[in-house]
Amino acid sequence: MEFSTFIFYFFATVLVLAGLGVITARNPVYAALFLVLAFFSAGGVWLLLSAEFLAIVLIMVYVGAVMVLFLFVVMMLDIDFAHLREGFWKYLPMGAAVGVLLAVEMGLVLANGFGGKPMPAAAATITGQATPVACGNNICELGRVLYTEYAYPFELAALVLLVAMIAAVSLTLRRRSGPYSEKYISPESQVAVRHEDRMMLVKMAAEKEAPEGPAAPAGAEGQ
Amino acid sequence: MSFDVSNLYSATAEVFVAIMILAIMLATAFARDIARGLAYVLTQLTLIVATFITFFTLEATSDFAFSNMFVRDPPGGILKLMVYLSMMVALLYGRGYLADRKLDRPEYYLLALLTTLGMMVMITANHLLILYVGLEMMSLALYALVAFDRDTARSTEAGMKYFVLGALASGLLLYGMSMIYGATGGSLELSAVHQAVASKGVDKTVLLFGLVFLVAGISFKLGVAPFHMWVPDVYQGSPTAVTLILSSAPKLAAFALALRLLASALPELAGHWQSMLLFVAAMSIVLGNLAALIQHNIKRMLAYSGISHMGFMLMGLLSGGEASAAATGYSSAMFYAISYALMTLAAFGMVVLLSREGFEAENIEDFKGLNRRNPWFALLMLFVMFSMAGIPFFVGFFAKFSVLQAVIQAGHFWIAVLAVTMSLIGAFYYLRVVKFMYFDEPVDNTPLNASGELQVMLSLNGVAIALLGLMPGTLLKWCEGAMRAAFVVGG
């Protein structure tokens, strides 16, 4: 066994075990950490495939940003996990039966289809299609393909992100109009304020004084 | 390998809509007081201009661009035109409804345009990756629209349900695509998949395994029987203006998805996917019609009726396949999808018409005595209900007729009998609405005070259902010509 094969099996085993850990861990923080481990091992496998840029991006983006954010959310939100797991035992027999059945079927089909036979040769690898420009590294190749052949899906993916942005803003941004509305003062109107706006002089007819004399009505109520 | 700008010319409509989305986003961010009106007007303008672009670039041949990822062909052109039309009508109907409920924020129109763009991308896709990206763009925007009334528990619940189940369905579809990719030796382009399946001794087991997941994903997006669970809840929970969008244009896009994946990429497996769809269609027709019988909420009733209508549409799709039958089968399905979109728009348009500020006309009882309140709209609702029931000389009748004809030609006699029986049973719940309108006393005597544009458009929509029923020939011929150009001559 070559050394790289050994490395592959090592990473693959860790990946599968970590994946199992994600879905079986009782504590969501552990589940998230298992997912981090899964990403690391997937990154390792990608490195073996000499997709070093993607491997590093996977670790930087997913482990560095997404999972940390996820951990924050899990720790900050007070989710009642006992409540979420309530129906677990009730639905387990049905779910397990369907799951096992599906897994066996998939195993049979895939063993039949892919097992033992060599994989069909790739019709055209991405880099081998046209005369490749001397572009020694991964990033250069990726950039070239992304902005030429895959320009269309690349731009569409950007628009999908725009959908996510607009959706998130429209579902969560609140112009305070409820009881807190008075707390927000627009700086624009603060700057533009005139002294007439600060104090209002009201002209009104004189009122008859209360019979007790100068005693304030509010104070009288308190006694 | 370089990127040629001429690619962009083929996709003028898509590029235009994308640019307009960005422009509207910026314009509404700076226009403060008029943002709502501006977003609406610009959105409608965008759809109108896109209609012109697509109409004048309609050609009889297929035109590929972006390294064969994009295709502009006749069926795609017609479907895109119908998507624009459905969106325009749905936005027009929904405008007053949204304004009454303070929901007409500019984001609503942006999301509506983005979902339209997703549908356009799906309709013109010639590549598994593009199909998936288009589907996600459409679905993500729809999830947000369903939950748009964020202060109502029912709307957010519907959005959540739709999101979770939709993500699962996208996962199934993607898994199926990965199997196709693996089995065909790395082909993602639809024609390459077709060639790979046809030529080499490709492993059929893996292909079929992938096909099962593809059919499951498509069925979910169409909302047909074993994958229909989300339909009633989402239709009922979302604001009626969103239900209008949800029930019309995405069905056309999902039809395009089915057409591209099954008919363009995997015609070699037609026997297999036809038998799967046969089961799905039979089940949806039975379940949709029977479940609609016991509904009191008109949105739920129309949701179940939609399930059965999509079953009918699939009957047309599954009777294509052979080169000789392709044109009749696929074109009858397309005709069905288009006429269903027209009918469902009018039906939910009536629900919007009867609703007003602080009141949702959600129950079938709300239609009681409509004839006394407003005979013209009662007559239009009668058109819609008769057409949905498949009573002769409305467009729904011809849609059902051509689908049944195609399915009998394809030799599936039993499903035709089943479909006719079930639509007879189904006529009960459509006619019940008519009975309520004409023979019952009105419960609620508030005069209808919908905006003029809604009344005019709804009248046009109802009249179109009746007129297309009297002369279905042109639209039928269009559909057939388009399908013939795409599937018979071009292969």
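Predicted, not measured: the structure shown is a model, and the values here were computed from it.

## Focus: the overall build of chain B
From N to C terminus, chain B includes 20 helices and two strands. Its C-alpha atoms give chain B a radius of gyration of 22 Å, within 12% of the compact-globule value 23 Å for 491 residues. Looking at chain B as a whole, 64% of its 491 residues are labelled buried. For chain B, contacts bridging at least 24 residues in sequence account for 80% of all contacts bridging at least 6. Working note: accessible area of chain B is about 16,700 Å², and carbon and sulfur atoms make up 67% of it. Here chain B holds 27 positive side-chain charges and 28 negative ones, and the gap between their average locations is 4 Å.

## Examining the overall build of chain A
A tally of regular secondary structure across chain A gives 10 helices and zero strands. When its helices and strands are written in sequence order, chain A yields α-α-α-α-α-α-α-α-α-α. Across the 223 residues that make up chain A, the buried fraction comes to 19%. By element, 70% of the accessible surface of chain A is carried by carbon and sulfur atoms, the whole surface being about 17,400 Å².

## Things to note about the environment of T46(B)
Looking at the element boundaries, T46(B) is found in helix α3 (residues 35–56). Not counting chain neighbours up to four residues away, the residues in contact with T46(B) comprise F16(B), V17(B), M20(B), I24(B) and L113(B).

## With respect to the nonpolar core
Counting residues in hydrophobic clusters, the biggest one holds 205 residues, and the most contacted among them are Y108(B), L266(B), W273(B), M315(B) and F367(B). With sequence-adjacent residues up to four places away left out, Y108(B) is seen in contact with L91(B), L98(B), L103(B), L145(B), F148(B), A241(B), V242(B) and I245(B). Counting residues in each nonpolar core, the second largest holds 10 residues, with V29(A), A32(A), V36(A) and A42(A) among its members.

## Looking at the pattern of salt bridges
Residue and element names in this part refer to chain B. In this structure the tally under the stated criterion is 16 salt bridges over all chains. Among the salt bridges present, the one from D63 reaches R72, with a minimum N-O distance of 3.0 Å. Across the pair E480 and R484 runs a salt bridge whose closest N-O atoms are separated by 2.8 Å. Here R484 and E480 lie together in helix α20 (residues 473–489), a separation of four residues that amounts to about one turn. Judged by relative accessible area, E480 falls into the partly exposed class, the value being 26%. Exposure remark for R484: the relative accessible area of 40% places this residue in the partly exposed category.

## Remarks on helix α3 (residues 52–76) of chain A
All names here are of chain A. In a regular helix each residue adds 1.5 Å, so 25 residues correspond to 36 Å; α3 covers 34 Å between its end C-alpha atoms and thus fits that length. At M67, α3 shows its maximal bend, which comes to roughly 30 degrees. Three or more residues of α3 are buried, namely A55, L58, V63, M67, L71 and V74. Lining the buried residues of α3 we find α2 (28–48).

## Examining the interface of chain A and chain B
On the chain B side, the residues contacting the 36 residues of chain A number 41 residues. Counting the surface lost from both chain A and chain B, the interface buries some 3,400 Å², and carbon and sulfur atoms represent 74% of this. Looking only at chain A, the three residues that lose the most surface to chain B are Y152(A), V163(A) and I166(A), adding up to 19% of its buried area. Along the contact surface separating chain A from chain B lie zero salt bridges. Linking chain A with chain B are four residue pairs in polar contact (both at pLDDT 80 or more), by the criterion used here. Counting only elements with at least two residues in the side of chain A that touches chain B, the list comes to α5 (88–114), α6 (138–147) and α7 (151–172) of chain A. At 15 residues, the largest contribution of residues to the side of chain A that touches chain B is made by α7(A). Across the side of chain A that touches chain B, the residue classes break down as 26 nonpolar, five polar and five charged.

## Side note on a nonpolar patch on the surface
All names here are of chain B. Residues W376, L379, F393, V463, L467, L470 and M471 make up a contiguous nonpolar surface patch of about 660 Å² in total accessible area. For the nonpolar patch, the elements supplying multiple residues, two or more each, are α16 (375–389) and α19 (452–470). Here the nonpolar patch gets three residues from one element, more than from any other, and that element is α19. Since its relative accessible area comes to 30%, V463 is described here as partly exposed.

## Points about the packing of α16(B) against helix α17 (residues 395–409) of chain B
Residue and element names in this part refer to chain B. With their axes 6 Å apart at the nearest point, α16 and α17 run at an angle of 10 degrees to one another. By the criterion of interaxial angle, the relationship of α16 to α17 is roughly parallel. Touching S387, M388 and A389 of α16 are V395, G396, F397 and K400, all from α17. Here the residues of the contact of α16 with α17 are counted per class, giving four nonpolar, two polar and one charged.

## Some points on the environment of L113(B)
Residues and elements named next belong to chain B. Relative to the helices and strands, L113 resides in helix α5 (residues 106–123). On a C-alpha basis, the gap between L113 and A141 in space is 8.9 Å, while along the polypeptide they are 28 residues apart. In contact with L113, not counting residues within four places along its chain, are V17, I21, I24, T43, T46 and L47.

## Observations regarding the packing of helix α7 (residues 153–183) of chain B against helix α10 (residues 230–237) of chain B
All names here are of chain B. Closest axis-to-axis distance for the α7/α10 pair is 8 Å, and the angle between their directions is 145 degrees. Where α7 crosses over α10, the two elements pack in a sense that is left-handed. Between α7, through R154, S155, A158, K161, Y162 and L165, and α10, the contact on the second element is made entirely by W230, D233, V234, Q236 and G237. When grouped by side-chain class, the residues that make up the contact of α7 with α10 number five nonpolar, three polar and three charged.

## Observations regarding the side chain of D366(B)
All names here are of chain B. For D366, the location among the structural elements is in the loop between α14 (323–354) and α15 (370–373). Lacking a salt bridge, the buried D366 has R373 as its closest oppositely charged neighbour, with an N-O distance of 7.1 Å. Setting aside its immediate chain neighbours within four residues, D366 contacts L354, F359, E360, A361 and R373.

Basis of the calculations
- Residues numbered from 1 in each chain as written.
- Chains lettered and ligands numbered in written order.
- Predicted model: local features only at pLDDT ≥ 70, side-chain atom pairs only at ≥ 80, totals over all residues.
- Heavy atoms only, no water.
- Helix = DSSP H or I, 4+ residues; strand = E, 2+ residues; numbered from the N terminus.
- Rg over C-alpha atoms; globule rule 2.2 N^0.38 Å.
- Buried < 20%, exposed > 50% of the residue type's maximum accessible area, 1.4 Å probe, protein only.
- Contact = heavy atoms within 4.5 Å.
- Areas by Shrake-Rupley, 256 points an atom, 1.4 Å probe, with all protein chains shown as cover.
- Lys, Arg positive; Asp, Glu negative; His and termini not counted.
- Charge placed at Lys NZ, Arg CZ, Asp CG, Glu CD.
- Core = buried A, V, L, I, M, F, W, Y, C linked by side-chain atoms within 4.5 Å.
- Salt bridge = Lys/Arg side-chain N within 4 Å of Asp/Glu carboxyl O.
- Expected span 1.5 Å × (residues − 1).
- Bend = angle between axes of the 7 residues up to and from the residue.
- Buried area = accessible area lost by both parts, 1.4 Å probe.
- Polar contact = N/O pair within 3.5 Å; in protein donor to acceptor, adjacent residues only side chain to side chain.
- Nonpolar A, V, L, I, M, F, W, Y, C, P; charged D, E, K, R; others polar.
- Patch = residues over 30% accessible without salt bridge, like charges linked within 9 Å, V, L, I, M, F, W, Y side chains within 5 Å.
- Axes fitted to C-alpha atoms, helices over the stretch in contact; angles between N-to-C directions.
- Parallel < 35°, antiparallel > 145°, perpendicular 65-115°, else oblique.
- Left-handed = near helix turned anticlockwise from the far one by under 90°.

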